[in-house]
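Examining the three-dimensional arrangement
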Amino acid sequence: MTYVLSDPHGNCQKYDAMLRAIHLRPTDTLYVLGDVIDRGPDGIRILLDMMARPNVVPILGNHEFTAAMCLPWLMEEVTDQSLDRLGADQIAALSEWIANGGGPTLRSLKQLAQEDREDILDYLRDMSLYAQAEAGGNAFLLVHANLNRFEPGKSLESYELTDFLFGSPDLDRPCFQDRFLVFGHTPVQLLREQAGEPPSDAIFRRGNLIGIDCGCGFDGPLGCLCLETLEEFYT
């Protein structure tokens, strides 16, 4: 079976419970649509678990992107000379990371050996911007946040990194007619508010748009979708 979840944001308890709820087997595939880290305390624990599972496919989120920008120079020995080399862009990136909940991730990284930190950085750098899947007779495009500046017929390779990592889909103007766009990043509570729907923590569906960030990073549930059956799971 093929499963997809998004935005666990350091809540390892809900992540572990989800793996049990879906009975994830080595023959299954689990796509994780980014924002594994930050806000909650155990994002690094979740990443290490994902790294140990060949059947887990990570998709880059904006929080992983920010971490990958900051980690190379954060892992250097801090000296007066290295501090002098920090540019305005690096300082701004670090400030943004901390402001967006990066503190717990930094504290967890500090407790790891340098080799483990380097392995995590390599894992972040290798994350894909999107994945395509076919299951249950349907086609799916899996992204972290959106497909900004959509143009019919434009190849996915032609979009820029930021087109996948930020923003949220236009609920009244779906990108595709022949596939579902599955995304995280924007909590379903906000999507329902935008759509004028009653409040709910459940996975959001509107036409061929499926939003699966159920607000785990803000004390909501962690949601997961089975692509073959479109069955929903929550922890």
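Structure's up top.
Here is a short report on the structure shown in this document. Remember, it's a predicted structure, so these values are computed and weren't measured experimentally.

Attention shifts here to the overall build of the chain. A count of helical and extended segments in the chain gives nine helices and 10 strands. Its C-alpha atoms give the chain principal-axis dimensions of about 55 × 40 × 35 Å. A separation threshold of at least 6 residues defines the contact pool for the chain, and within that pool the share at least 24 residues apart is 70%. Accessible area for the chain stands at about 11200 Å²; split by element, carbon and sulfur atoms hold 49% of it. Charge-centre separation for the chain: the mean point of 18 positive side chains lies 3 Å from the mean point of 36 negative side chains.

As judged from the six bridges shared by strand β4 (residues 130-135) and strand β5 (residues 138-143), these two strands associate in the antiparallel manner. Among the inter-strand pairings, Y130 is bridged to a residue of β5, identified as V143. Between β4 and β5, which pair antiparallel one after the other, the connecting turn spans two residues, and G136 there sits at a positive phi close to 60 degrees. Here β5 pairs with strand β6 (residues 180-183) via three bridges, running parallel. Its bridge partner lying in β6, F140 is registered against F180.

What follows covers the side chain of R117. Locating R117 in the fold gives a position in helix α7 (residues 114-125). Of the side chains with opposite charge, E118 lies nearest to the buried R117, which makes no salt bridge, at 7.6 Å. Polar side-chain contacts of R117 include one of 2.9 Å to the side chain of Q114. If sequence neighbours within four positions are ignored, R117 has contacts with M75, L109, K110 and L112.

A few words now on the packing of aromatic side chains. On inspection of all chains with the given rule, the structure shows five aromatic pairs. Ring geometry for Y159 against F164: centres 6.2 Å apart, planes inclined by 75 degrees, an arrangement best described as edge-to-face. In textbook terms, an aromatic cluster arises when at least three aromatic residues are bridged by ring pairs, as seen for Y130, Y159 and F164. Between K154 and the ring centre of Y159, over which it is positioned, the NZ or CZ distance is 4.2 Å. Seen from the ring of F176, R179 lies directly overhead, with NZ or CZ sitting 4.5 Å from the centre.

The next thing to look at is the nonpolar core. Counting residues in each nonpolar core, the largest one holds 39 residues, and the members touching the most others are Y3, L30, L47, M50 and L124. Contributions of two or more residues to this core are made by β1 (2-5), α1 (12-21), β2 (29-32), α2 (43-51), α3 (62-74), α5 (88-99), α7 and β9 (223-226). When sequence neighbours within four positions are dropped, the list of residues in contact with L124 reads L47, L60, E64, A67, A68 and L71. Core analysis: the second largest hydrophobic core is formed by 34 residues, A135, L156, F183 and C214 among them.

Parameters at a glance
Residues numbered from 1 in each chain as written. Predicted model: local features only at pLDDT ≥ 70, side-chain atom pairs only at ≥ 80, totals over all residues. Heavy atoms only, no water. Helix = DSSP H or I, 4+ residues; strand = E, 2+ residues; numbered from the N terminus. Contact = heavy atoms within 4.5 Å. Areas by Shrake-Rupley, 256 points an atom, 1.4 Å probe, with all protein chains shown as cover. Lys, Arg positive; Asp, Glu negative; His and termini not counted. Charge placed at Lys NZ, Arg CZ, Asp CG, Glu CD. Pairing = 2+ DSSP bridges. Buried < 20%, exposed > 50% of the residue type's maximum accessible area, 1.4 Å probe, protein only. Salt bridge = Lys/Arg side-chain N within 4 Å of Asp/Glu carboxyl O. Polar contact = N/O pair within 3.5 Å; in protein donor to acceptor, adjacent residues only side chain to side chain. Phe/Tyr/Trp six-rings, centres within 6.5 Å; stacked < 30°, edge-to-face > 60°. Lys NZ or Arg CZ within 6 Å of the ring centre and 35° of its normal. Core = buried A, V, L, I, M, F, W, Y, C linked by side-chain atoms within 4.5 Å.

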